[in-house]
Amino acid sequence: MSLSTDALHEPLKFAYWVPNVSGGLVTSDIEQRTDWGYEYNRELAVLAENNGFEYALTQVRYTASYGAAYQHESVGFSLALLLATQRLKVIAAIHPGLWHPGVLAKFIASADVISGGRAAVNVVSGWFKDEFTKLGEAWLEHDERYRRSEEFIRVLKELWTDDHAEFGGDFYRIHDFDIKPKPESSPGRPYPEIFQGGNSTAARKLAGRVSDWYFSNGKDFNGFTEQVDEVNDYAAANNHAVKFGLNGFLIARETESEAKAVLREIVEKANVEAVEGFRGAVKQAGSSTSDQKGMWADSEFSDLVQYNDGFRTQLIGTPEQIARRAIEYKRRGANLLLLGFLHYHEDVRYFGEHVLPVIRELEKDIDRSSANPEPIGSLA
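Let me sum up the structure you'll find in this document.

The rules behind each value
Residues numbered from 1 in each chain as written. Predicted model: local features only at pLDDT ≥ 70, side-chain atom pairs only at ≥ 80, totals over all residues. Heavy atoms only, no water. 1 Å grid on protein atoms, 1.4 Å probe; cavity = no way out; pocket = protein on both sides within 12 Å on 5 of 7 lines; lining within 4 Å. Points joined across faces, edges and corners; volume = space filled by probe spheres on them. Nonpolar A, V, L, I, M, F, W, Y, C, P; charged D, E, K, R; others polar. Pairing = 2+ DSSP bridges. Helix = DSSP H or I, 4+ residues; strand = E, 2+ residues; numbered from the N terminus. Axes fitted to C-alpha atoms, helices over the stretch in contact; angles between N-to-C directions. Contact = heavy atoms within 4.5 Å. Core = buried A, V, L, I, M, F, W, Y, C linked by side-chain atoms within 4.5 Å. Buried < 20%, exposed > 50% of the residue type's maximum accessible area, 1.4 Å probe, protein only. Polar contact = N/O pair within 3.5 Å; in protein donor to acceptor, adjacent residues only side chain to side chain. Expected span 1.5 Å × (residues − 1). Parallel < 35°, antiparallel > 145°, perpendicular 65-115°, else oblique. Salt bridge = Lys/Arg side-chain N within 4 Å of Asp/Glu carboxyl O.

Section: empty space enclosed by the protein
One pass over the structure, following the stated rule, counts 3 cavities of 30 Å³ or more. Looking at the second largest cavity, its volume works out to about 50 Å³. In terms of lining, the second largest cavity is formed by Ala 7, Glu 10, Pro 11, Leu 12, Lys 13, Lys 243, Ala 334 and Asn 335. Its residues placed into classes, the lining of the second largest cavity shows 4 nonpolar, 1 polar and 3 charged.

Re the sheet that holds strand 2 (residues 55-58)
The 8 strands are arranged 1-2-3-4-7-8-9-12 in a closed barrel whose pairing can be described as parallel. Each adjacent strand pair in this sheet contributes to an overall mean axis angle of 25 degrees, direction not counted. As judged from the 4 bridges shared by strand 2 and strand 3 (residues 89-94), these two strands associate in the parallel manner. Paired with Thr 58 across the two strands is Ala 92, which belongs to strand 3. In this fold helix 13 (residues 344-368) packs onto strand 1 (13-18) and strand 12 (336-340), with an angle of close to 165 degrees to the strand it touches most, strand 1.

Observations regarding the environment of Glu 10
Assignment of secondary structure puts Glu 10 in the loop between helix 1 (5-8) and strand 1. Between the alpha carbons of Glu 10 and Lys 330 there is a distance of 9.7 Å; along the sequence they are 320 residues apart. With near-sequence residues (within four places) excluded, Glu 10 lies in contact with Lys 330 and Glu 363.

Focus: the nonpolar core
As a rule of thumb, nonpolar side chains are buried together in soluble globular proteins. The biggest cluster of nonpolar side chains holds 107 residues, and the ones touching the most others in it are Tyr 16, Trp 160 and Ile 266. Ranked by residues supplied to this core, first place goes to helix 13 with 9 residues. Residues within four places of Tyr 16 in sequence aside, it is in contact with Leu 44, Ala 45, Ala 48, Phe 53, Tyr 55, Ala 56, Leu 57, Leu 88, Leu 338, Leu 339, Phe 341 and Tyr 344.

A word on the environment of Glu 150
Here Glu 150 shows up in helix 6 (residues 142-161). Each C-alpha atom of the pair Glu 150 and Leu 206 lies 6.4 Å from the other, and the pair is 56 residues apart in sequence. Aside from chain neighbours lying at most four places away, what touches Glu 150 is Leu 206, Arg 209 and Val 210. A distance of 2.8 Å separates the side chain of Glu 150 from the side chain of Arg 209, its partner in a polar contact.

Details of helix 6
The end-to-end C-alpha distance of helix 6, which contains 20 residues, comes to 29 Å, matching closely the 28 Å that a straight helix rising 1.5 Å per residue would cover. The distance from a side-chain oxygen at the start of helix 6 to the backbone nitrogen of Asp 143 is 3.2 Å, and the residue carrying that oxygen is Glu 141.

Remarks on the packing of helix 2 (residues 38-49) against helix 13
Relative to each other, helix 2 and helix 13 sit at 5 degrees, their axes nearing to 10 Å. In terms of orientation, helix 2 and helix 13 fall into the roughly parallel class. Only Tyr 344, His 345, Val 348 and Arg 349 of helix 13 make contact with helix 2, whose side of the interface consists of Tyr 40, Glu 43, Leu 44, Leu 47 and Ala 48. Within the contact of helix 2 with helix 13, the residues separate by chemical class into 6 nonpolar, 1 polar and 2 charged.

Some remarks on the pairing of strand 12
Burial runs high along strand 12: 5 of the 5 residues are buried. What you see with strand 12 is no split at all: Leu 336, Leu 338 and Gly 340 on one side and Leu 337 and Leu 339 on the other are buried throughout. One ladder, built from 4 bridges, connects strand 1 with strand 12; its direction is parallel. Within strand 12, the position partnered with Ala 15 by the bridge is Leu 338. One ladder, built from 5 bridges, connects strand 9 (residues 243-249) with strand 12; its direction is parallel. Paired with Leu 246 across the two strands is Leu 337, which belongs to strand 12.

Some details on the pattern of salt bridges
This structure, assessed with the given rule, holds 26 salt bridges. Glu 230 is the partner of Arg 204 in a salt bridge, and the nearest nitrogen-oxygen pair spans 3.1 Å. Separated by 26 residues along the polypeptide, Arg 204 in helix 7 (residues 201-209) and Glu 230 in helix 8 (residues 221-237) bring together distant segments of the chain. In this structure, the salt-bridge partner of Glu 328 is Arg 332, at a minimum N-O distance of 3.0 Å.

So, in structure tokens, the structure goes:
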């Protein structure tokens, strides 16, 4: 297990999925008191930054699909949320192939200056073929999509840090290009943070070469540990450092039985047609890798009701149970938990008032213990 003592003693960070896509964060007919519109999300962003959330991740979806009939464009929506908040860092999800890195670099640089250094990007290599082909864009083979993403990230960094940017690749070529203003820079943050997800070997190697953050789909303890160790090995071989975020769907209730009852209802009321349609699309993405490590390669129907395998992280139970599980993920390398909720306004407030204080108390126990403590327990 690879985790530095410094990272272990840093407070665990929290992000939330921005519900800028209709249908909520579960593909189910259960009631979700969540709205995809701007006013709801503006209020949510302020609520979140006042309840322990440091980041928000704006989803990217370009066309109606799998229960998501409506969607706001992620980059513009992220800027709106930055303008509505004071401290929240907003991560805009983008697709290489549908954005040119020079155009995105310019947009994010302006957003970063306007927000005082709070803009970030999540580079999504792509799983939804129709979003490319129906716009007349080429759909590349799996590993080629990640090779394009690597060039995309390298171009972003070059443009954000060099007044005479140069890059020559197979997908992008930049010649003595300068963007001004440059984004905000500070110690430890020379440019806006770059996040990247994906479970495949290609995704892990990409993170180990160029990304600042690696996002994992929902995983149990062993699955997450395996990813952390492998990505860290790739990073060490490239003299690179990467931080880790983990996706999870959080259901916190006063009793464990109440929380588990909510989970059962979500799955029992799943929109079967939408889940099966999503399953068919993502299975080809996961199975297109030679070693079967791609996203959703081993996901079951119930996993896909939360479309980033969020139930697998098992952040479901009482505040105490969830807090202990969160701390165990931290011990296994998580720097950040990316959370989804059923009823966002109520659940984010409950998290800030009841779950986060327990997590912070448990972190004090870590500070008082050795650098390699025994596990303190977890939700079964």
